[in-house]
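Structural overview
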Amino acid sequence: MDTSVPSPSARRKAGPRGLPVLGSFFPMLQEPLALANKLHAEYGDVSLVRVYGYPIAFLRNPVDVKRVLIDEPQAFPKPRIVNPFNGNGLTVSQGELWKRQRHMVQPMFHKEKVRQWSGIFSEELAKVLQRWTALGAKGESFDMYTEAARLMFAVMWRTCFDEVPREEFFAGIMDAIDVFGRRRGPWGTLYYKVLPRLDPNIDRIGMALWLVNGWIYARLGQRRERGTQDGDITLLSALVEARARDTGEPMEDTQVRDEIVNLFGASFEMIATSLTWAVHACTQHPEVTRAIREEVSAVCGNAPPRYEDVAKLPYTNRVVQEINRLSPPAWTILRETADDVEVGGVLLPKGTNLLMCPYAIHRHPDHWKDADTFDPDRFLPERLAGMHKCAYVPFGAGQRICVGQHMSQVDTVQTLATLLQQCDVEYLGKNPVEWQTRLTFVPKRGMPMRVRARKG
């Protein structure tokens, strides 16, 4: 087992005292990842703060991350996350329920299943490229994150329900993501904590839940009424037909609903985020765009890349891997301490929330040289030799690693390859893109792009 290099004192100072009672409430609410980066720069690999008296520790050393996620997961369980949107789905469930659901859900994202869904993805990708180039022909631009989300929403809706979604469905889900993912400023949070009945988000949360639940339960009812049909490869049917390993029992409707929300939301938004940052990087590095085009031309000619081509595009795969290092779609991996424990020379009390931020882990100076430099060739096999197992964790690690990581890589590579093969892409922002942490790691003020069909 890896072990951290111990500090001369296990009670070393690991973070600021903060304000009385509130502790580090204000910087934590303003931007937790910015706080993590600041603390790591000042206090090292393990930093500890308190918010309302509750301890929160930030970890960035891959050695400690491996201990938490792989070596001793029982000592660092997933904390209980109460969220009416996620319910008790795979990304938030715990203990025996999580084990049961993981066994039932994981086969749905194996490579063969992703291959079966690949036709849906190719069709929706062709539609969205037609839309983008039509806008570009008129000189119009769009926000890359919104349009990438639109693409992946259509893909996941068809994957789940085998129907083309209406535009109002996309608007509704984006509003739900906004209401559940947007953080208030510290003062607003304090105000509505004291006067919760005045919180305007209560009605928005209620409406978002009503819409999402209505969509899912209506289609679940139709699926149960019609029964199993040959050729049905939808995620909804897979969940309905799944059986628990120990009892053979199916999921109840509420659990099917929770898994649909968790898998749908995590898949479509994480892939949309990866794609957004990948397209932006290519606009900033024309040599990368040229290299991708040359590779795609050699493998596919003028034909659009398909699922089967993705494995034949090693450079494009490395570009996406490097994007997920620099701009990991999930901004944090969350665990807690089951007992008092020392991590990296710091004593953490029982119940400490552990925040492991891939953004910081992927820039650890002992594991990444010139960490802020965009370099896809970091992921050449010879350069990966000897890399620590948890130095690269865009989808987590250990038993709770994201079930959709293969789907995310394939879809992002295929989209990037097809887009650059067929189109010229221009970033229209006047300033460098700023990021923020919401449900994923997204551009703070949007990412304006213009896409035009390539000539010749």
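Overview of the structure.

Cut-offs and rules
Residues numbered from 1 in each chain as written. Predicted model: local features only at pLDDT ≥ 70, side-chain atom pairs only at ≥ 80, totals over all residues. Heavy atoms only, no water. Helix = DSSP H or I, 4+ residues; strand = E, 2+ residues; numbered from the N terminus. Rg over C-alpha atoms; globule rule 2.2 N^0.38 Å. Buried < 20%, exposed > 50% of the residue type's maximum accessible area, 1.4 Å probe, protein only. Contact = heavy atoms within 4.5 Å. Areas by Shrake-Rupley, 256 points an atom, 1.4 Å probe, with all protein chains shown as cover. Lys, Arg positive; Asp, Glu negative; His and termini not counted. Charge placed at Lys NZ, Arg CZ, Asp CG, Glu CD. Expected span 1.5 Å × (residues − 1). Arc of directions from axis to C-beta. Pairing = 2+ DSSP bridges. Axes fitted to C-alpha atoms, helices over the stretch in contact; angles between N-to-C directions.

**Considering the overall build of the protein chain**
Looking only at helices and strands, one finds 17 helices and 11 strands in the protein chain. In summary, the protein chain has a C-alpha radius of gyration of 22 Å against a globular reference of 23 Å for 456 residues, a match within 12%. With the C-alpha coordinates aligned to their principal axes, the bounding extent of the protein chain is approximately 65 × 55 × 45 Å. Per-residue burial for the protein chain yields a buried fraction of 54% across its 456 residues. Of all intrachain contacts in the protein chain linking residues separated by at least 6 positions in sequence, the fraction that spans at least 24 positions is 74%. Element-wise, carbon and sulfur atoms account for 52% of the exposed surface of the protein chain, whose accessible area totals about 21,100 Å². Taking the average location of the 58 positive side-chain charges in the protein chain and that of its 53 negative ones, the two points are 3 Å from each other.

**Some remarks on helix α12 (residues 286-300)**
Its 15 residues give α12 an end-to-end C-alpha distance of 21 Å, which sits within 8% of 21 Å, the value for a rise of 1.5 Å per residue. Looking at α12, one finds that the buried residues are Val-288, Thr-289, Ile-292, Arg-293, Glu-295, Val-296 and Cys-300. Viewed along the axis of α12, the buried residues span an arc of 165°, placing them on a single side of the element. Facing away from the buried side of α12 by over 90 degrees, the exposed positions are Glu-294 and Ala-298. One or two steps after α12, the chain reaches Gly-301, where phi turns positive at roughly 65°.

**Focus: the sheet that holds strand β4 (residues 333-336)**
Across the sheet, which stays open at both edges, the 4 strands sit in the order β1-β2-β7-β4 with mixed pairing between neighbours. The open sheet has two free edges, formed respectively by β1 (46-51) and β4, since each of these has just one partner strand. Between one strand axis and the next, the sheet turns by 25° as a mean value, whatever way the strands run. Pairing of β4 with strand β7 (residues 353-356) involves 4 bridges; the strand directions are antiparallel. Bridge pairing in β7 places Ile-333 opposite Met-356. Those strands touched by helix α2 (residues 32-43) are β1 and β2 (54-59), and its axis lies near 70° from that of β2. Contacts from helix α3 (residues 62-71) reach β1, β2, β4 and β7, with the element oriented near 125° to β7.

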